[in-house]
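A closer look at the structure
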Amino acid sequence: MSAQPQPSLGEIWLEALTGAAGLIDGSPRTVRAADAPLGAEVARFIAVVPDPGNRFPRARHGEVGLDEASGLALEVRRAMAEDSGRSRRPLIALVDVTSQAYGAREELLGIHLAGAAAVDAYASARLAGHPLIALLVGKAISGGFLTHGYQANRILALDSPAVLTHAMSREASARVTRRTVEELAQLGERIAPMAYDIRSFASLGLVHRLIGGVNGTRPGAADLERVRAELIAAVADARAGPRDLAVRLKSPAALSGRAASIAVRARLAEQWDAS
Amino acid sequence: MSAEAERERFLARHSFIELNARERARAVLDGGSFRELLGPFERLKSPWLPLQGIVAQADDGVVIARGQLDGHEAVVASIEGAYQGGSIGEVSGAKIAGALELALRDAARGRTVRPVLLLETGGVRLQEANLGLAAIAEIQAAIVALRRHVPVVAVVAGVVGCFGGMSLAAALCSQLIVTRQARLGMNGPEVIEQEAGLAELDAGDRARVWSLMGGEQRHATGFADVLVEDDAEAIAGAVRAAFGERTAARSERVGELIARLAAIDAEHPPEPAALRALWGKVRSP
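Just so you know, these numbers come straight off a predicted model, no measurement behind them.

The subject of this paragraph is the overall build of chain A. Along its length, chain A carries eleven helices and seven strands. In terms of overall dimensions, chain A is globule-like: its C-alpha atoms have a radius of gyration of 19 Å, near the 19 Å expected for 275 residues. Expressed along its principal axes, the backbone C-alpha trace of chain A runs to roughly 60 × 50 × 45 Å. Residue burial in chain A is summarised as follows: out of 275 residues, 56% are buried. Taking as baseline every contact in chain A between residues at least 6 positions apart, the subset at least 24 positions apart corresponds to 70%.

So this is what it looks like as structure tokens:
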């Protein structure tokens, strides 16, 4: 076995899409941001990557911890400040996050606030007019996904078995609910929001485009061209639409997959003002 | 105040924590102004729980009420901690997000509706996993958008506390009110013990848990704006006062957050008491 650890999916895609040309020298090492061409403009690509030497031991495997969440907030806010008063660059969140970091010191030091700072930065950037696109290339789990990707105008995903979405990792969820991983998988087959695979997630209407036929672990030139074209189209679509997340409830998949989410809003609107 | 008057006041206290979600919303709003939206008779229940053999409650554990605060139009979203641990499912999450989105629509039209969140939640309902998480992302998006027009005020009173993605939602709010009984954290103690081991955290050690994430500690280290007694009148008063505050939400102040974290030795983090001295109350109410 080589001493060099395998690059994570986030690292692979950041490198592939940016050539690490415009890598921004920031901290921490786990938040990688790079400015690179996307179509006729420059976009900021952001990934969270694992660091076995992370100063916080509970964030060494690609989790979003204190430094990662606050680092995300910083990189997004920097782009906002730099683009103030001019064309706002697209922000591309390359999502491969195992979860948030679970630890006592994380709680003491307020990981909830660091996470909120990342959410706040992404949501504020979107509201300011930055097209914000999430590209799911690996795990998009729980607090990791909330802080990195879930505020996007458009969520794109590779149609790959390595792409997983959920509120908790398989193993942790099995322990909390006292089920086996196999039982959870069976439940996911019956109940779409319980599933981990990206096609089930897309069936809920939360994915703008599911990108099939792409090598997710070793993207070649044709794969990159394909993904870039999808990103460029999503950026244009985001710029043409409203800056909120309402689009998630409008797709044909959402009409069935999130019927209750739609019905609740419609009934609330009817009753909002006293008759 | 004389000792006698203090005693009278203590005896007159009306616990907020002991109230259910509906009573809490009523207690916060001006007397007689409470009007529930999507009440239990609407029967908007979770479509997912019955598929897993779990009885679904008719309001999915969230009460949305319109009413007034000091005569101003208001909306309260109150989570019932006694139902499924206050967890956020598709319907309960859509009720909260939808209410905030309507307040935002009104604000954009120049009509202010004061939003109040009474949070008592373990976070995502695991039986509705991805749809609970999606709803929380939408609640967070709505708070950030709405906060630009009107303060969004949150209360974590206690029994369940406020965890998971909803702890981030609490931190996004303009003003956060807590009691000593409240806990606020991204991960609940049980999950930390399970995932990181007993050496990391003994979830049964209540003193330790509260020292890390209890309301008093959160207030003393700048994570909450107001610490109040468990008293319905005091909480209702704090909510009203919070709408007079106009400061940047703490989640917007990234520079301060990063400077605070950078000064911490991750190998030897301070004990909770030492952290109070270090971080103090950065923004006193």
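After presenting the structure, the write-up continues.
We now examine the nonpolar core. In this structure, Leu94(A), Ile133(A), Leu136(A), Ala157(A), Ala170(B), Ile235(B) and Val239(B) are the most contacted members of the largest nonpolar core, which totals 187 residues. Counting residues per element, this core draws most heavily on helix 4 (residues 129-146) of chain B, at 14 residues. Among all residues touching Ala157(A), those that are not within four sequence positions of it are Leu136(A), Val163(A), Ile198(A), Ala202(A), Val207(A), Leu210(A) and Ile211(A).

Moving on: helix 4 of chain B. Between its first and last C-alpha atoms helix 4 of chain B spans 26 Å; for 18 residues at 1.5 Å apiece the expected length is 26 Å, and the two agree. With 18 of 18 residues buried, helix 4 of chain B lies mostly within the body of the structure.

For the rest of this paragraph, the subject is unusual backbone geometry. Residue and element names in this part refer to chain B. With a phi close to 50 degrees, Asp 70 is a non-glycine residue in the positive phi region. Positionally, Asp 70 belongs in the loop between strand 2 (62-69) and strand 3 (72-79). Note on Asp 70: 12 C-beta atoms within 10 Å, which makes it exposed.

Let us look at the interface of chain B and chain A. Tallying the contact residues gives 64 residues for chain B and 66 residues for chain A. Elements that contribute at least two residues to the side of chain B that touches chain A include exactly strand 1 (35-37), helix 3 (90-108), helix 4, helix 5 (165-172), helix 6 (189-196), helix 7 (206-213), helix 10 (254-262) and helix 11 (272-279) of chain B.

Side chains of residues three or four places apart in an α-helix project in the same direction, reflecting 3.6 residues per turn. Within helix 5 of chain B, eight of the eight residues are buried, which leaves it mostly tucked inside the rest of the structure. Among all positions of helix 5 of chain B, only Gly165(B), Met166(B), Ser167(B), Leu168(B), Ala169(B), Ala170(B), Ala171(B) and Leu172(B) are buried. Those residues of helix 5 of chain B hidden inside the fold are in contact with helix 4 (111-128) and helix 5 (142-147) of chain A together with strand 4 (114-119), helix 4, strand 5 (153-156) and strand 6 (175-179) of chain B.

Residues and elements named next belong to chain B. In spatial order, the strands read 1-2-3-4-5-6-7; together these seven strands make up an open sheet with mixed pairing. Where the open sheet ends on each side, the last strands, each with one partner, are strand 1 and strand 7 (226-228). The mean inter-strand angle of the sheet, taken between neighbouring strand axes irrespective of direction, is 25 degrees. With eight bridges joining them, strand 2 and strand 3 adopt antiparallel strand pairing. Looking at the pairing, Val 63 lines up with Ser 78 of strand 3.

To describe two helices that pack against each other, one gives the angle between their axes and the distance between the axes. Close contact between helix 4 of chain A and helix 5 of chain B brings their axes to 8 Å; oriented N to C, the two are set at 70 degrees. Considered as vectors, helix 4 of chain A and helix 5 of chain B are oriented roughly perpendicular to each other. Counting all contacts with helix 4 of chain A, which are made through His112(A), Leu113(A), Gly115(A), Ala116(A), Val119(A) and Asp120(A), the residues of helix 5 of chain B involved are Ser167(B), Leu168(B), Ala171(B) and Leu172(B). Looking at the contact of helix 4 of chain A with helix 5 of chain B residue by residue, the class counts come to six nonpolar, three polar and one charged.

This next bit is on the pairing of strand 3 (residues 91-97) of chain A. Residue and element names in this part refer to chain A. Within strand 3, seven of the seven residues are buried, leaving the element largely enclosed by the surrounding structure. Side chains Leu 91, Ala 93, Val 95 and Val 97 project from strand 3 onto one buried face, and the interleaved Ile 92, Leu 94 and Asp 96 project onto a second face that is buried too. As a crossover connection, the stretch from strand 2 (residues 41-48) through helix 2 (residues 66-82) into strand 3 is right-handed.

Further remarks concern the pairing of strand 1 (residues 31-38) of chain A. Residue and element names in this part refer to chain A. With eight bridges connecting them, strand 1 and strand 2 associate as antiparallel partners. If you follow Ala 36 over to strand 2, its bridge partner there is Ala 43. Connecting strand 1 to the next strand, strand 2, in antiparallel fashion are two residues, including Gly 39 with a positive phi near 65 degrees.

On to the confidence of the model for chain B. Residue-level pLDDT values for chain B average 94, and 97% of them are 70 or greater. Under the prediction, the complex receives an ipTM of 0.96, its pTM being 0.95.

Residue and element names in this part refer to chain A. Relative to the helices and strands, Pro 131 is located in the loop between helix 4 and strand 4 (132-141). Pro 131 gets classed as buried once you count the C-beta atoms within 10 Å, which come to 27. The sequence separation of Pro 131 and Ile 92 amounts to 39 residues, and the corresponding C-alpha distance is 8.4 Å. Residue contacts for Pro 131: discarding those within four places in its chain leaves Pro 90, Asn 153, Val 235, Ala 238 and Arg 239.

Turning next to the packing of helix 3 of chain B against helix 4 of chain B. Residues and elements named next belong to chain B. The N-to-C vectors of helix 3 and helix 4 enclose an angle of 20 degrees; their axes lie 9 Å apart at closest approach. Judged by the angle between their axes, helix 3 and helix 4 are roughly parallel. Crossing geometry of helix 3 relative to helix 4 is assigned as left-handed. Contact with helix 3, carried on its side by Glu 90, Gly 93, Ala 94, Ile 96, Ala 97, Leu 100, Glu 101, Ala 103, Leu 104 and Ala 107, involves Leu 131, Gly 132, Ala 135, Ile 136, Glu 138, Ile 139, Ala 142, Ile 143, Ala 145 and Leu 146 of helix 4 and no other residues of that element. Here the contact of helix 3 with helix 4 is built from residues that sort into 15 nonpolar, two polar and three charged.

Analysis parameters
- Residues numbered from 1 in each chain as written.
- Chains lettered and ligands numbered in written order.
- Predicted model: local features only at pLDDT ≥ 70, side-chain atom pairs only at ≥ 80, totals over all residues.
- Helix = DSSP H or I, 4+ residues; strand = E, 2+ residues; numbered from the N terminus.
- Rg over C-alpha atoms; globule rule 2.2 N^0.38 Å.
- Buried ≥ 20, exposed ≤ 12 C-beta atoms within 10 Å, placed from the backbone.
- Contact = placed C-beta atoms within 7 Å.
- Core = buried A, V, L, I, M, F, W, Y, C linked by C-beta atoms within 7 Å.
- Expected span 1.5 Å × (residues − 1).
- Pairing = 2+ DSSP bridges.
- Axes fitted to C-alpha atoms, helices over the stretch in contact; angles between N-to-C directions.
- Parallel < 35°, antiparallel > 145°, perpendicular 65-115°, else oblique.
- Nonpolar A, V, L, I, M, F, W, Y, C, P; charged D, E, K, R; others polar.
- Right-handed = clockwise from strand over helix to strand, strands pointing away.
- pLDDT = per-residue confidence, 0-100.
- Left-handed = near helix turned anticlockwise from the far one by under 90°.

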